[in-house]
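Structural features, examined
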Amino acid sequence: MIIGVPKEIKNNESRVGMTPAGVFELIKSGHTVYVQSGAGDGSGFLNEDYQQVGAIILDTIGQVYAMSEMIVKVKEPIEEEYSLVQEGQVVFTYFHFASSEALTAAMLKSKAICIAYETVEDEDGTLPLLTPMSEVAGRMAIQQGAKYLEKPVKGKGVLLGGVPGVAPGKVLVLGAGVVGIQAAKMAAGLGAHVTILDVDMKRLRYVNDVMPPHVVTEFSNEFNIRKHIKTHDLIVGGVLLKGAKAPKLITKDMLKDMHPGTVIVDVAVDQGGCVETTKPTTHEDPIYIIDDVVHYSVANMPGAVPYTSTMALTNVTLPYVLKLANLGWEAACSENQSLNKGLNIIEGEVVYKEIVETFRW
């Protein structure tokens, strides 16, 4: 198969769809790999690194799309790429269709085969291709939240870990999934007091077992959320409904109950956000303030640490890319039920029910 790895063109997205090591494995299996010139620069991989393992470097993104049977990338195609996607072409990437009707319509029109990393699902319900980026985003949520709590950027002026004689900051984590647990782990490591909410008692029991005593669990409901937002300094939204829009757990009217300078980091922004006032931002312009509450909702948080993120992503996507390349998408998805669940759009038809339900088509 001919596989193309284009350069990501979303704002400040420095990740790349495949490391040279991943490309090496594909070429070793007899496939041809085209890599757009400079695609790996942001992650620390040069054209020469790809050429040394046998990749062919192409100058433009248009050439990569035009000459490839399968496109492997990181983020969803943006508007400038819509017309480049070809009928019958496999596009394997993070799509998050539920958050964008325009993207969904464009991919339907293209009649491509769209396989979404975020809906590839194992038998136990885990999402193997979303997990590493959720791990990165969860950890970064605390890193970024701690920064935006500083007074010069309109935060409360709270040091999460506190100091002797001064109580530590308080972190509220919504969701005890991968994002939530990684955020809680990082916040606890800084010495913050952490409250983590979820509706799944099994997850809360797990958190209770593995986290230190200053991480406490509570069942998630509106009453408890309203109670805790009044006293917590940093709120992390880590809620995920597979393939669907995130529920709005914090509404606009709740902002008035928060102290001025409270920071919200909504990691669920890729799926529409779990805060009503969330809107996607970029690494270039990451925050905005509503009712004196600082909102951080960068839609590609792991893109800020592209070397780590690209390595982690290729580790998990490569086996699926190899299967798709070796067998073709139909046989690969028929043979592998995890990969089959990644099918979102097939040649002009939505085949993932959560997307249909989101747009009520």
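One can find the structure itself at the top, above this paragraph.
Keep in mind that this is a model prediction, so the values were computed, not measured.

1. Side note on the pattern of salt bridges
What the rule picks out here adds up to 14 salt bridges. A salt bridge links Glu 76 to Lys 75, with the nearest nitrogen and oxygen atoms 3.9 Å apart. As far as burial versus exposure is concerned, Glu 76 and Lys 75 are alike and both buried. Across the pair Asp 291 and Lys 252 runs a salt bridge whose closest N-O atoms are separated by 3.7 Å. Placement of Asp 291 in the loop between strand 12 (287-290) and strand 13 (293-296) and of Lys 252 in the loop between strand 10 (234-237) and strand 11 (263-266) is noted, with a sequence separation of 39 residues between them. Look at Asp 291 and you get partly exposed, because its relative accessible area is 42%. The exposure class assigned to Lys 252 is partly exposed, which follows from its relative accessible area of 41%. Three or more residues are tied together by salt bridges with common partners; here these are Lys 10, Lys 75, Glu 76 and Asp 270.

2. Quick look at the packing of aromatic side chains
On inspection of all chains with the given rule, the structure shows five aromatic pairs. On the numbers, 6.0 Å between centres and 40° between planes, the contact of Phe 45 with Tyr 307 is tilted. Of this pair, Phe 45 sits in the loop between strand 2 (32-36) and helix 2 (47-52) while Tyr 307 sits in helix 10 (residues 306-327); the two residues are 262 residues apart in sequence, bridging distant segments of the chain. Its relative accessible area of 10% is what places Phe 45 among the buried residues.

3. Regarding a nonpolar patch on the surface
Among the surface-exposed residues, Leu 159, Val 163 and Val 166 lie close enough to one another that they form a single nonpolar patch of about 270 Å² accessible area. Structurally, Val 163 can be placed in the loop between helix 6 (131-148) and strand 7 (170-174).

4. Details of the pairing of strand 9 (residues 215-219)
In this sheet, strand 9 lies alongside strand 8 (residues 193-198) in parallel orientation, the contact comprising five bridges. Following the sheet pairing, Asp 198 is matched in strand 9 by Phe 219. Taken together, strand 8, helix 8 (residues 201-210) and strand 9 form a β-α-β motif whose crossover is right-handed.

5. So, the pairing of strand 10
On strand 10, burial covers both faces: Leu 234 and Val 236 on one face and Ile 235 and Gly 237 on the other are all buried. Of the strand pairs in this sheet, strand 7 and strand 10 are connected by four bridges, and their pairing is parallel. If you follow Val 173 over to strand 10, its bridge partner there is Val 236. Sheet analysis places strand 10 next to strand 11, joined by four bridges and oriented parallel. Each residue of the ladder has a partner; that of Leu 234, found in strand 11, is Val 263.

6. Section: the sheet that holds strand 11
Strand order in the open sheet formed by seven strands is 9-8-7-10-11-13-12, and the pairing between neighbours is mixed. Among the strands making up the open sheet, the edge pair consists of strand 9 and strand 12. Put simply, the sheet's adjacent strands are angled 20° from each other on average, direction ignored. When strand 7 meets strand 8, the two strands line up parallel, connected through five bridges. Each bridged residue has a counterpart across the sheet, and for Val 171 the counterpart in strand 8 is Val 194. Its contacts with the sheet put helix 8 on strand 8 and strand 9, and the angle it makes with strand 9 is roughly 165°.

7. What to know about unusual backbone geometry
Despite not being glycine, Lys 111 has its phi angle at roughly 60°, a positive value. Relative to the helices and strands, Lys 111 resides in the loop between helix 5 (101-110) and strand 6 (113-116). Looking at Lys 111, the relative accessible area reads 40%, which means it is partly exposed. Of note, the phi angle at Lys 154 is positive, near 75°, even though the residue is not glycine. Mapped onto the secondary structure, Lys 154 falls in the loop between helix 6 and strand 7.

8. So, the state of the cysteines
Under the counting rule described, the total for this entry stands at zero disulfides. Cys 114 carries a free sulfur, and the closest cysteine sulfur to it, the one in Cys 333, is 12 Å from it.

Rules of the game
Residues numbered from 1 in each chain as written. Predicted model: local features only at pLDDT ≥ 70, side-chain atom pairs only at ≥ 80, totals over all residues. Heavy atoms only, no water. Salt bridge = Lys/Arg side-chain N within 4 Å of Asp/Glu carboxyl O. Buried < 20%, exposed > 50% of the residue type's maximum accessible area, 1.4 Å probe, protein only. Helix = DSSP H or I, 4+ residues; strand = E, 2+ residues; numbered from the N terminus. Phe/Tyr/Trp six-rings, centres within 6.5 Å; stacked < 30°, edge-to-face > 60°. Patch = residues over 30% accessible without salt bridge, like charges linked within 9 Å, V, L, I, M, F, W, Y side chains within 5 Å. Areas by Shrake-Rupley, 256 points an atom, 1.4 Å probe, with all protein chains shown as cover. Pairing = 2+ DSSP bridges. Right-handed = clockwise from strand over helix to strand, strands pointing away. Axes fitted to C-alpha atoms, helices over the stretch in contact; angles between N-to-C directions. Contact = heavy atoms within 4.5 Å. Disulfide = S-S within 2.5 Å.

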